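Observations on chain architecture
This is what each chain is made of:
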Amino acid sequence: MSGQLLPDPLPGDCRAAAEALNRGCACISVDPESLQRELAAGDGSAANGEWLASRPHLFSDSMVFVSELHLERMARTIAAIERVVAQPAYRERVLAYAPAVAQHSPAAAGVFLGYDFHLGPDGPQLIEINSNAGGALLNSRLLRAQRACCAPVATMMPPPLPVEERFLDMFRDEWRLARPAVAAALPLARVVIVDEAPAEQYLAPEFELFRQLFTAHGIDAQVADPAELSFDGDALRCRGEVVDLVYNRLTDFSLAEPQNQALRRAYLADAVVLTPHPQTHALFADKRNLLALGDQHWLRQIGIADDERELLASSIPRTEEVTPHNAEAFWPSRRQWFFKPVAGFGSRAAYRGDKLTRRVFADIARGGYVAQAVVSPSERRLLIDGVERDFKLDLRNYVYRGAVQLVSARLYRGQTTNFRTPGGGFAAVFAVPGQCGGGSCR
């Protein structure tokens with residue numbers, strides 16, 4: 001509810017102001033009743049709000065402060081990466097090690113890229129890119145449930161933004177990109193949100209919210225397991241109905257598993273719009289791509305401008321591929337590295353080097369991993385049950401075709417984000433203006 005008196009940063013030093021607010025402002029910004037209403041929005045079902053009881057650490061009660069300078073730098077880094085990805089030479093390089101299904105090039109761009117950053121001493125550092133980043137709709141509802149808990153925070157309250165309208169436009173854009181000849185006469189009519197055993201997923205509430213959002217805007221929508229899909233060589237069907245577009249939440253990025261074969265065949269036949277799709281993952285989310293984005297000599301060769309190369313060099317931590325031939329060289333310096341599987345997601349099978357055992361490292365040494373220089377996350381101090389606790393934080397930029405739609409934070413304790421920490425979870429981001437002054441948060 002209240003925080004300590006904050007030190008006055010130098011005028012214009014909004015980075016220091018954001019850090020001071022994250023240390024000293026313990027405000028509770030989430031209005032629980034408003035959040036319940038936002039989660040019940042759509043069909044008005046009270047059961048939607050009950051999701052919070054079964055997921056008590058999905059949302060944090062407080063906000064995270066980020067300087068406008070850092071938000072702008074992340075946006076510029078993202079735009080620079082998207083320009084590199086558009087280069088034929090980049091596509092040739094990364095698709096050479098992608099699975100065969102990723103060679104198929106649909107016109108759809110891929111919804112909800114997630115660019116995840118840590119705020120290091122040298123500014124935002126890109127930790128990874130995800131091709132089907134979850135949480136966007138949940139965070140849009142969380143943002144609408146914020147309240148001004150003190151006068152300084154009131155000046156930084158995010159203005160109402162048409163975030164969900166942007167999300168809907170994005171799916172309609174995917175339909176138009178993939179079906180330009182028919183989209184004008186036949187608007188997007190039926191969407192299926194697909195994940196394995198969707199009701200059992202931790203972010204299942206978001207699937208239902210998306211279903212309600214589509215339905216409220218005249219688009220028939222269902223949530224389904226891939227086993228409920230069938231392909232007859234002409235159309236993809238779900239429960240007997242022809243499907244226009246599949247919103248893909250699967251973590252089988254190459255659609256290789258047996259239960260995903262109907263979807264894979266329909267995708268390769270261009271019988272359905274799949275978004276995001278295997279090529280989106282191959283171009284953006286394979287961790288090996290960070291090697292290309294950090295290869296300054298090669299970026300110069302393919303014509304990337306000096307200023308963009310410098311931006312990428314200062315924003316992407318050093319990343320190297322781990323192979324059976326070079327693995328042992330990483331062991332002596334393992335504390336300096338974070339080891340991630342090349343097609344990993346959700347921090348699964350990812351390890352900080354200082355936590356590694358020889359047994360686990362032996363698995364990493366077989367290959368299929370990258371080593372990324374450790375960038376310690378910044379922190380947010382909160383009052384939990386009367387005790388001050390320091391939380392690590394990362395920032396997720398939800399992106400479509402190079403444009404940032406929404407920025408949210410995840411608060412956690414431990415090695416990686418986990419949605420299991422009391423006081424942690426998704427948190428709204430409040431931008432600290434470029435011209436900053438001091439003050440207190442009471």
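Residues numbered from 1 in each chain as written. Predicted model: local features only at pLDDT ≥ 70, side-chain atom pairs only at ≥ 80, totals over all residues. Heavy atoms only, no water.

Our next topic: the pairing of strand 14 (residues 369-373). Burial runs high along strand 14: four of the five residues are buried. Sheet topology places strand 12 (residues 337-341) next to strand 14; five bridges connect them, and they run antiparallel. Residue K340 lies in a different strand from strand 14, and its bridge partner there is V370. (Buried < 20%, exposed > 50% of the residue type's maximum accessible area, 1.4 Å probe, protein only. Helix = DSSP H or I, 4+ residues; strand = E, 2+ residues; numbered from the N terminus. Pairing = 2+ DSSP bridges.)

What follows covers the packing of aromatic side chains. This model, assessed by the stated rule, comprises 17 aromatic pairs. Centroid distance Y202 to F419: 5.9 Å. Interplanar angle 35°. Geometry classified as tilted. Taken together, the residues Y202 in the loop between strand 4 (190-194) and helix 10 (204-216) and F419 in the loop between strand 17 (403-412) and strand 18 (425-432) connect sequence positions 217 residues apart. Here the aromatic rings of F339 and F361 are separated by 6.0 Å at their centres, their planes lie at 80°, and the arrangement is edge-to-face. Within this pair, whereas F339 is found in strand 12, its partner F361 is found in helix 16 (residues 358-365), the two being separated by 22 residues in sequence. Since its relative accessible area comes to 1%, F361 is described here as buried. Ring-pair connections join several aromatic residues into one group, and the members of that group are F112, F167, F171, F210, F214, Y247 and Y398. (Phe/Tyr/Trp six-rings, centres within 6.5 Å; stacked < 30°, edge-to-face > 60°.)

Let's shift gears to the confidence of the model for the chain. Looking at the chain, pLDDT values average 90 and 91% of them are 70 or higher. Low pLDDT, under 50, characterises residues 1-12; the stretch is placed with 38 contacts to residues that sit more than four places away or in other chains. Taken as a whole, residues 436-442 scores under 50 in pLDDT and shows 30 contacts with residues more than four places along the chain or in a different chain. (pLDDT = per-residue confidence, 0-100. Contact = heavy atoms within 4.5 Å.)

Moving on, we get to empty space enclosed by the protein. One pass over the structure, following the stated rule, counts one cavity of 30 Å³ or more. The volume enclosed by the largest cavity comes to roughly 40 Å³. In terms of lining, the largest cavity is formed by S131, N132, N248, L250, F253, P276, H277 and H281. The residue inventory of the lining of the largest cavity, partitioned by class, reads three nonpolar, five polar and no charged. (1 Å grid on protein atoms, 1.4 Å probe; cavity = no way out; pocket = protein on both sides within 12 Å on 5 of 7 lines; lining within 4 Å. Points joined across faces, edges and corners; volume = space filled by probe spheres on them. Nonpolar A, V, L, I, M, F, W, Y, C, P; charged D, E, K, R; others polar.)

Mapped onto the fold, L95 is located in helix 6 (residues 88-95). The spacing of L95 and N289 is 194 residues in sequence and 9.8 Å in space, taken between C-alpha atoms. Setting aside chain neighbours within four positions, we find L95 in contact with A102, Q103, Q279, A282 and L283.

Remark: helix 7 (residues 136-144) packs on helix 9 (residues 163-178), axes separated minimally by 10 Å, with the N-to-C direction vectors making an angle of 160°. Judged by the angle between their axes, helix 7 and helix 9 are roughly antiparallel. Taken as a pair, helix 7 and helix 9 cross one another with a handedness that is left-handed. On helix 9, the residues touching A136, L137, S140, R141 and R144 of helix 7 are V163, E164 and F167. Residues belonging to the contact of helix 7 with helix 9 are distributed by class as follows: four nonpolar, one polar and three charged. (Axes fitted to C-alpha atoms, helices over the stretch in contact; angles between N-to-C directions. Parallel < 35°, antiparallel > 145°, perpendicular 65-115°, else oblique. Left-handed = near helix turned anticlockwise from the far one by under 90°.)

As a further point, take the sheet that holds strand 7 (residues 236-238). In space, the three strands of this open sheet follow the order 6-7-8, with antiparallel pairing throughout. The two strands at the open ends of the sheet, each matched to only one other strand, are strand 6 (229-231) and strand 8 (241-242). Bridge count between strand 7 and strand 8: two bridges; the pairing is antiparallel. Paired with C238 across the strands is E241, a residue of strand 8. Each of strand 6 and strand 7 touches helix 11 (residues 261-268); the most contacted strand, strand 6, lies at about 45° to it.

Our focus in this paragraph is the pairing of strand 16 (residues 387-400). Alignment of strand 2 (residues 113-120) against strand 16, held across five bridges, turns out to be antiparallel. Bridging across to strand 16, F117 finds its partner in L395. Pairing geometry for strand 15 (residues 379-384) and strand 16, over six bridges, is antiparallel. Directly across from I384, in strand 16, lies its bridge partner V387. Relative to strand 17, strand 16 runs antiparallel, the two sharing nine bridges. Across the sheet, residue N397 finds its bridge partner in strand 17, namely V407.

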